[in-house]
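Coordinates in review
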Amino acid sequence: MAEPATYDEAVVETLRKRAVQSAILIDDSFPSYNDLLAANDAAAVRADFPDVDEARRLYELMHRHRIVCDVENTVGHVDGEFIEKIRKSDLVVLDWNLRRAEPQDSEDAVRVLSGLSHSPHFNLVIIYTRDNLLKVWTRAAVRLHRGWREKEHFLDGLDLGQGRDADELVGDIDPEGTLELVPDEVLRDYVLHGMRHICSQYQQLLKDLRELHRVPGAQTKAVLEALIHRAAIQRHGAEADAAEPHPLEGAPAGAPPYLNAGSVFVCLMKKPEQSEDGRPTQHEEPGIFDCLDAALKTWKPSVLQLLVSELQNELEHRSYAFDSSLMPSSLLKAGWMFHMLREHGAGGEDMAVDGLVASLNARLAESIEQSIQVQLADPESELMRFGKVAARLSVEAMGDLTGKPEVEVVAAAAKEAGVAWRDKANMEFEVLHALNEYLSSDRFRGGHLTTGTVLCSADTDEWWICVTPACDMVPRKSSDAFSWHADMFPFRPVHLLKLEKSKAKQALPEAERGTQVFVSVDGKQHFLRAVHTQMRQPRPLTWMLEPTGFSGDLGWQRHGFLFKELRKVGDALDIGERKAFAVSQLRPQYAARFLHLLGNHQSRIGVDYAKFGELAGENEGSGKSGLAA
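Residues numbered from 1 in each chain as written. Predicted model: local features only at pLDDT ≥ 70, side-chain atom pairs only at ≥ 80, totals over all residues. Heavy atoms only, no water.

A look at the overall build of the protein
Summing up its helical and strand segments, the protein has 24 helices and 16 strands in all. In the protein, buried positions account for 44% of the 629 residues. In the protein, of all internal contacts separated by at least 6 residues, the share reaching a separation of at least 24 is 70%. When the accessible surface of the protein is totalled, it reaches about 34000 Å², and 52% of it is carbon and sulfur. (Helix = DSSP H or I, 4+ residues; strand = E, 2+ residues; numbered from the N terminus. Buried < 20%, exposed > 50% of the residue type's maximum accessible area, 1.4 Å probe, protein only. Contact = heavy atoms within 4.5 Å. Areas by Shrake-Rupley, 256 points an atom, 1.4 Å probe, with all protein chains shown as cover.)

Written out as structure tokens, the structure reads:
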């Protein structure tokens, strides 16, 4: 691999040149290979597939770049099987209209993009069309954004003035059903920047709602957002669903326009116009890769994304399925079968598969880590060379920050990353929270609780972290018939540490002590401490976990767990119910730190000194000062 000389070259090298090994052209005007092989008359092929010359040029272009290329011209029903087929291609060249009989119908293309955006594989997509690119970008962005809702979601229960309900108000504002009040420009800004940006940039819309349509001032924001959602549903066919909105990045008027949503990066490009005989009017190279490269450079991914992309390229270029270290002998295969059969007998099929896959996953992760470590130890390896170049180019862009205060270094990094610095006070705290959260944890993705699972109450006022050893959290009956776990099954005792809320100014200086937890819920950052502010000791508790979970009303409340808590009521003991939602999972080494924290606390040795006064420098937030009474 030639060493990139600029950051733009590094972007193109890892995200396109090294990543794209296969491509598929999806266009009902392109002949497939089968169509060409079965045809006896070139004129007949041209009559059936008017863009045959363009298809040939694209295929030849892919061949010159050593990219395996396929053509799909019969889309039919865009279902999971179709998405599964095309997602295996790294590059998708997609026509916006896949039904020539219905030239305004773009639904098939929209469904393809939506499916790819949620696939586990990252796809590069070029929308190759003769339609207006701004209109295509708008519809694609609106449909990929998701999370659209009917007006009642925003307006029910609000005082809309003059005793009007939601239907009457919308009828007054939009009697023709065209929603001219909300142009596509507003939709584009909404999906990219959200309602806060709309309220600051389109104050005239809010003023019109107040003065022309007599909407109470306190309700104008809700009414405008309801109209934006209504425009997306009526004008662009968006589905009103309960899904979480999909964060988008993009440039609708870029050169070329691009859009990034989830697992798909899309750039838009004009097809050559055709002459009367159906042949393209221009014959220069179509510039597919020039277009894609320009869009990727404009997107300006961070050095973090480039390094992750290069890691993925390295992994995909290696074979782990046949690694002898993972399955080296028939003896080991027999041992695995014994292990699986025993687990199947003890806990059923789910337990057998869970144990087998978990062990294989751990071994595979070790093998991948070792493979990467070998490359990191070699300064001439492609991964190490690329990493050095990407890091150097990124740092050089920020200038010389030697000896600068930490806040200035954070500000320079934020500016390079495209963060709107100083939109809010103490933005550096948010940046450092994001970094610490990334280093220590991941979003809880389902399954059973385990060591390091972070939970909170429905109002996010109370927080806990699970510190039960992972082996005791597997939802199966203990093989030790005399143990408490076996007696209580299917209920499971869970040891938790109660977390206390902290402030950024307190939490960040203490981050390296290993007692802080950094979590984000519904876009809000939380700083949490696992030890008491003054005593520096954890506060453990034990609850009983019910065997079944539940879901809450909000999007982040997908993984709810029900506990039984023993508590004092008057002079008696009572069993109460506690509901908690799992929102984060600490990485193994961080989870182990809190497990050890509990162990150290429980094995502490008491000493009998006489306390006098406050701890030095520790009376912040205690509400006390001076000596104890």
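Some points on the side chain of Thr451
Along the polypeptide, Thr451 turns up in the loop between strand 8 (441–443) and strand 9 (453–456). Look at Thr451 and you get buried, because its relative accessible area is 11%. A polar contact of 2.6 Å, which involves the side chain of Thr451, links it to the backbone oxygen of Thr468. When near neighbours in sequence (up to four residues on either side) are disregarded, Thr451 contacts Cys466, Thr468, Pro469, Ala470, Gln585, Ala591 and Leu595. (Polar contact = N/O pair within 3.5 Å; in protein donor to acceptor, adjacent residues only side chain to side chain.)

Some details on a nonpolar patch on the surface
A cluster of nonpolar residues, Leu304, Val308, Leu435, Tyr438, Leu439 and Tyr590, forms a patch on the protein surface that exposes about 530 Å² of accessible area. Where the nonpolar patch is concerned, the elements lending two or more residues are helix 15 (303–316) and helix 20 (427–440). Among the elements that line the nonpolar patch, the one with the most residues is helix 20, at three residues. Within the secondary structure, Tyr438 is located in helix 20. Judged by relative accessible area, which is 45%, Tyr438 ranks as partly exposed. (Patch = residues over 30% accessible without salt bridge, like charges linked within 9 Å, V, L, I, M, F, W, Y side chains within 5 Å. Salt bridge = Lys/Arg side-chain N within 4 Å of Asp/Glu carboxyl O.)

Observations concerning the packing of helix 7 (residues 133–145) against helix 10 (residues 184–193)
The description of two packed helices rests on the angle between their axes and on the distance between the axes. For the pair helix 7 and helix 10, interaxial distance at closest approach is 10 Å and the crossing angle is 45 degrees. It follows that helix 7 is oblique to helix 10 by the angle criterion. For helix 7 against helix 10, the interelement crossing comes out left-handed. Counting all contacts with helix 7, which are made through Leu134, Trp137, Thr138, Ala141, Val142 and His145, the residues of helix 10 involved are Asp184, Leu187, Arg188, Tyr190, Val191 and Leu192. Of the residues that constitute the contact of helix 7 with helix 10, the class distribution is eight nonpolar, two polar and two charged. (Axes fitted to C-alpha atoms, helices over the stretch in contact; angles between N-to-C directions. Parallel < 35°, antiparallel > 145°, perpendicular 65-115°, else oblique. Left-handed = near helix turned anticlockwise from the far one by under 90°. Nonpolar A, V, L, I, M, F, W, Y, C, P; charged D, E, K, R; others polar.)

Observations concerning the sheet that holds strand 7 (residues 264–270)
Read from one edge to the other, the open sheet built from seven strands follows the order 2-1-3-4-7-6-5, with strand pairing classed as mixed. The open sheet terminates on both sides in strands that have one partner only, identified here as strand 2 (68–72) and strand 5 (248–251). The sheet shows a mean angle of 15 degrees between the axes of neighbouring strands, taken without regard to direction. Note that strand 1 (residues 22–26) and strand 3 (residues 91–94) share four bridges and pair parallel. (Pairing = 2+ DSSP bridges.)

Concerning the pattern of salt bridges
All chains considered together, the criterion is met by 27 salt bridges. For the salt bridge of Lys271 with Asp27, the shortest nitrogen-to-oxygen distance reads 2.5 Å. Placement of Lys271 in the loop between strand 7 and helix 14 (288–299) and of Asp27 in the loop between strand 1 and helix 2 (33–38) is noted, with a sequence separation of 244 residues between them. Asp27 matches Lys271 in its accessibility class, with the two residues each being buried. When the shortest N-O distance is used, the salt bridge between Arg539 and Glu500 registers 3.0 Å. On the criterion of sequence distance, the pair formed by Arg539 in the loop between strand 13 (524–529) and strand 14 (540–550) and Glu500 in strand 11 (residues 492–502) is long-range, its members being 39 residues apart. Residue classification places Arg539 among the partly exposed residues on the basis of a relative accessible area of 28%. The class for Glu500 is buried, based on a relative accessible area of 14%. Each of Asp27, Asp51, Asp95, Arg130 and Lys271 takes part in a single network of salt bridges with overlapping partners.

Describing helix 1 (residues 7–17)
In terms of residue burial, helix 1 counts as a mostly covered element, since eight of its eleven residues are buried. Where helix 1 is concerned, the buried positions are Tyr7, Ala10, Val11, Val12, Glu13, Thr14, Leu15 and Arg16. Those residues of helix 1 that are buried lie in contact with strand 4 (123–129), helix 14, helix 15 and helix 18 (382–397).

Digging into the packing of aromatic side chains
Counted according to the given criterion, the structure contains nine aromatic pairs. Clustering of aromatic rings is evident, with ring pairs tying together Tyr258, Phe265 and Trp299. A cation sits over an aromatic face here: Lys579 above Phe550, 5.4 Å from the ring centre. Arg587 extends its terminal NZ or CZ atom over the ring of Tyr438, reaching a point 5.8 Å from the ring centre. (Phe/Tyr/Trp six-rings, centres within 6.5 Å; stacked < 30°, edge-to-face > 60°. Lys NZ or Arg CZ within 6 Å of the ring centre and 35° of its normal.)

Here's the deal with the environment of Thr533
One can find Thr533 in the loop between strand 13 and strand 14. What makes Thr533 buried here is its relative accessible area of 18%. Counting along the chain gives 27 residues from Thr533 to Gln506, while the straight-line C-alpha distance between them is 9.8 Å.

Looking at unusual backbone geometry
At the junction of Ala255 and Pro256, the peptide bond is cis and its omega measures out at 10 degrees in the coordinates. Positionally, Pro256 belongs in the loop between strand 5 and strand 6 (258–261). The phi torsion at Arg66 lies on the positive side, around 60 degrees, for a residue other than glycine. Examined against the element boundaries, Arg66 turns out to sit in the loop between helix 4 (52–64) and strand 2. In this structure, Asp522 takes a positive phi of about 55 degrees despite not being glycine. The residue Asp522 is located in the loop between strand 12 (516–521) and strand 13 in this model.

Notes on the environment of Met269
By secondary structure assignment, the location of Met269 is in strand 7. As for Met269 and Gly287, which are separated by 18 residues in sequence, their C-alpha atoms are 9.1 Å apart.

Considering the nonpolar core
Counting residues in each nonpolar core, the largest one holds 63 residues, and the members touching the most others are Leu94, Leu113, Val125, Trp148, Leu155, Val223 and Ile228. With nine residues, helix 13 (residues 220–236) is the largest single contributor of residues to this core. Excluding its chain neighbours within four sequence positions, the residues that come into contact with Ile228 are Trp148, Val182, Val186, Leu187, Tyr190, Met195 and Ile198. Ala10, Leu61, Ala295 and Leu306 belong to the second largest nonpolar core, which has 37 residues in total. (Core = buried A, V, L, I, M, F, W, Y, C linked by side-chain atoms within 4.5 Å.)

Notes on the environment of Gly287
Counting through the fold element by element, Gly287 comes out in the loop between strand 7 and helix 14. Judged by its relative accessible area of 14%, Gly287 is buried. Sequence spacing of Gly287 and Leu61 is 226 residues, and the spatial spacing of their C-alpha atoms is 9.3 Å.

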